[in-house]
Amino acid sequence: MFRQWLHDTLTRLYPGHLFDVLVPPGAAMGDYSTNIAFVVAKAAKVNPRQLAQEVCDALMREGAEMLARCEVAGPGFVNVFLKDEYLQGQLGVVGVPAIGQGKRVIVEYSSPNIAKPMHIGHLRSTIIGDALANVYAALGYDVVRWNFIGDWGTQFGKLIAAYKRWKDDAALQAHPINEMLRLYVKFHDEMKEHSELEREGQEEFRKLEEGDAENREIWKRFRELSMGEFNRMYDRLAVRLQAATVKGESDYEADLKSLIERLVAQGLATESEGALIVDLSAEGLAPALLRKSDGATLYLTRDLASLEDRIEKQNPAKILYVVANQQALHFEQLFAVKDKLRLGSTETVHVKFGMVLGEDGKKLATREGKVIALEEVLDEVTKRAAAVVKEKNAELADDDVKRIASTVAVGALKYNDLRQHPYSDIVFDWDAMLDLGGNSGPYLQYTYARLSGILRNAGDAKAIAGPALLLLTHPTERALLRHLLDFGHAVAQCAHLYALNGLALYLYELAELANRYYEQVRINDDDNAERKRARLALVSAVAGRLKDGLALLGIEVLERI
Ligand code: ARG
């Protein structure tokens, strides 16, 4: 990877300086540019232009086989220009650096709550987390996908009480989540009139906690039915959570007592108005509440037990929690308590993300102001995708439309999310999301289908590598070759920044260049047979990189749209 070489060489020549390597906006400014001369000259109090010339001389000496020339520009930029032969020779090199070799990373994502529908917030976690896990795996990390199910808390006492009063097992079997939601809502409605229900719920939860066989059985059934629904969503979304480590908050119930005792023994947890807290004032945070005055443990307590378990059993270099912005304080507290407990060197990161907004810029919700269920979103986008696919191919059989539409729909949803930085709120604009001519998932899938059509039409004319690649001299060919060179960097940056938008942009630019190429250059009807095969080799490399890059984003390609 040239970019890595450039970075490493400059670091070796001028150790201890922080500098940038960029791709300049125009070809006249070279293939890569660096500001290193400013940084070093400032420290050494010399003229940056003079230093830039030294940098160029050194690079030309060390990188003679790759570099055509190196120029000093403006007050001291260093612009390097690659040899065409070097670029041509790199065509088959994918260049994703194996920086994760020997390191384990746990990526926790999705983490829905049982007995409730997965909602649009879980959609973002699921999409972003799955893509990050893919990227880490591509970089050679040993990735453990982790799903932390919300399956514990006093609300399950209420649900059990409601079930015992008003159960409808047929409905529960047919539409499990709807039925659980109905029971829960009914319980709350009835509670307004019959306040004694509150106690009943508490009592059922107490029995559940104490291991009462009937309540355990009911709760287990709720959990299994919910997991079945979640897995159905994961299938539709083509994410790899079915093979994840699935742990529930309930799995840590048994560890809480000893965890709390240890925290007390170490003087970290203290009583405050009957509750047990960890004081975090030195960290500038509100106290972490471990146990309420009524003895109930909390989300944070269970998260702490789970964190300890993850570190002890998996010994990961890193744990990523892909969870909405709203939970920022929770994770700051969790990580602060972890530091106090000295749980080792595992790095913990909260990968935060923003809300989903409707086209009106307001938080996306149902007409009654409720959160939107994930399944509704999936149904809507699939219906719209089917219309787009039908319009493109009127002659397509219904089954094919269905199959293609579901891949297009999921690609549209994922790309719409990942092309933006996770922190940002994202807008659900169905038309833009599905626009075959815009910066959308379907546009990238369409570009891939076009490229694979070219390769199909080429028939026997096998793509080749080797000397014929020297025939790739058209400016759009050079631009494509040059862009291909940065694939590995784009992938590595995603892991570095915990964001996929850089890779999405990279792929969009690759698709734009590919479409320009296709419009400007004859490929299958090139009259020079050698060059035709070199061009096919380029098309094949571009298609391959598009496919690989989209796969990292969790987006499948299609041979035709
Ligand atoms: N179940 C929670 C929710 O739906 C998210 C859990 C996030 N992960 C964690 N380790 N706390 O809001």
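That block above? That's the structure.
Since the structure is predicted, the reported quantities are computational estimates derived from the model, not experimental observations.

A. Summary view of the layout of surface pockets. Put simply, the largest pocket is a space of about 1,400 Å³. Lining the largest pocket are 50 residues, and of these Arg 3, Val 23, Arg 482, Asp 486 and His 489 sit closest to its centre. Listed by contribution, the elements that provide at least two residues to the lining of the largest pocket are α1 (2–13), β1 (21–22), α18 (475–484), α19 (487–497) and α20 (501–520). Its residues assigned to classes, the lining of the largest pocket shows 27 nonpolar, twelve polar and eleven charged.

B. Summary view of empty space enclosed by the protein. Counted under the stated rule, the structure contains one cavity of 30 Å³ or more. Estimated volume of the largest cavity: approximately 90 Å³. Tallied by class, residues from the lining of the largest cavity come to eight nonpolar, two polar and one charged.

C. Structural context of the sheet that holds strand β3 (residues 67–73). Strand order across the open sheet formed by four strands is β1-β2-β4-β3, with antiparallel pairing between neighbours. The open sheet has two free edges, formed respectively by β1 and β3, since each of these has just one partner strand. Across two bridges, β1 lies against strand β2 (residues 32–34) in antiparallel orientation. Each bridged residue has a counterpart across the sheet, and for Leu 22 the counterpart in β2 is Ser 33.

D. Focus on the packing of helix α15 (residues 398–418) against helix α17 (residues 441–457). For the pair α15 and α17, the least separation of the axes is 7 Å and the interaxial angle reads 125°. One way to sum up the angle between α15 and α17 is to call them oblique. Facing Thr 407, Val 408, Gly 411, Ala 412 and Tyr 415 of α15, the residues of α17 in contact are Gly 441, Pro 442, Leu 444 and Gln 445. Tallied by class, the residues present in the contact of α15 with α17 amount to five nonpolar, four polar and no charged.

Definitions and limits used
- As a convention, each chain's residues are numbered from 1 in the sequence order in which they are written.
- For a predicted model such as this one, the threshold for reporting local features is a pLDDT of at least 70, and the threshold for listing and counting side-chain atom pairs is 80 or more; totals across whole chains, interfaces and linings nevertheless cover every residue.
- To get the side-chain values, all heavy atoms of the structure are used, and hydrogens and water are removed first.
- Every definition here rests on a 1 Å grid over the protein atoms only: cavities are sets of points where a 1.4 Å probe fits but cannot get out, pockets are open sets enclosed by protein on both sides within 12 Å along at least five of seven lines, and lining residues have some atom within 4 Å of a point.
- Grid points are joined across faces, edges and corners, and a volume is the space filled by probe spheres set on the points.
- Comment: elements are numbered from the N terminus, with helices defined as DSSP H or I runs of at least four residues and strands as E runs of at least two.
- Amino acids are sorted into nonpolar (Ala, Val, Leu, Ile, Met, Phe, Trp, Tyr, Cys and Pro), charged (Asp, Glu, Lys and Arg) and polar (every other residue, Gly among them).
- Pairing between strands is defined by DSSP: at least two bridges between the two strands are required.
- Here, axes are lines fitted to C-alpha atoms. For helices the fit covers the stretch in contact, and angles between N-to-C directions go from 0 to 180 degrees.
- With respect to orientation, any angle under 35 degrees is reported as roughly parallel, any angle over 145 as roughly antiparallel, any angle of 65 to 115 as roughly perpendicular, and every other angle as oblique.
- Any two residues whose heavy atoms approach within 4.5 Å are treated as being in contact.

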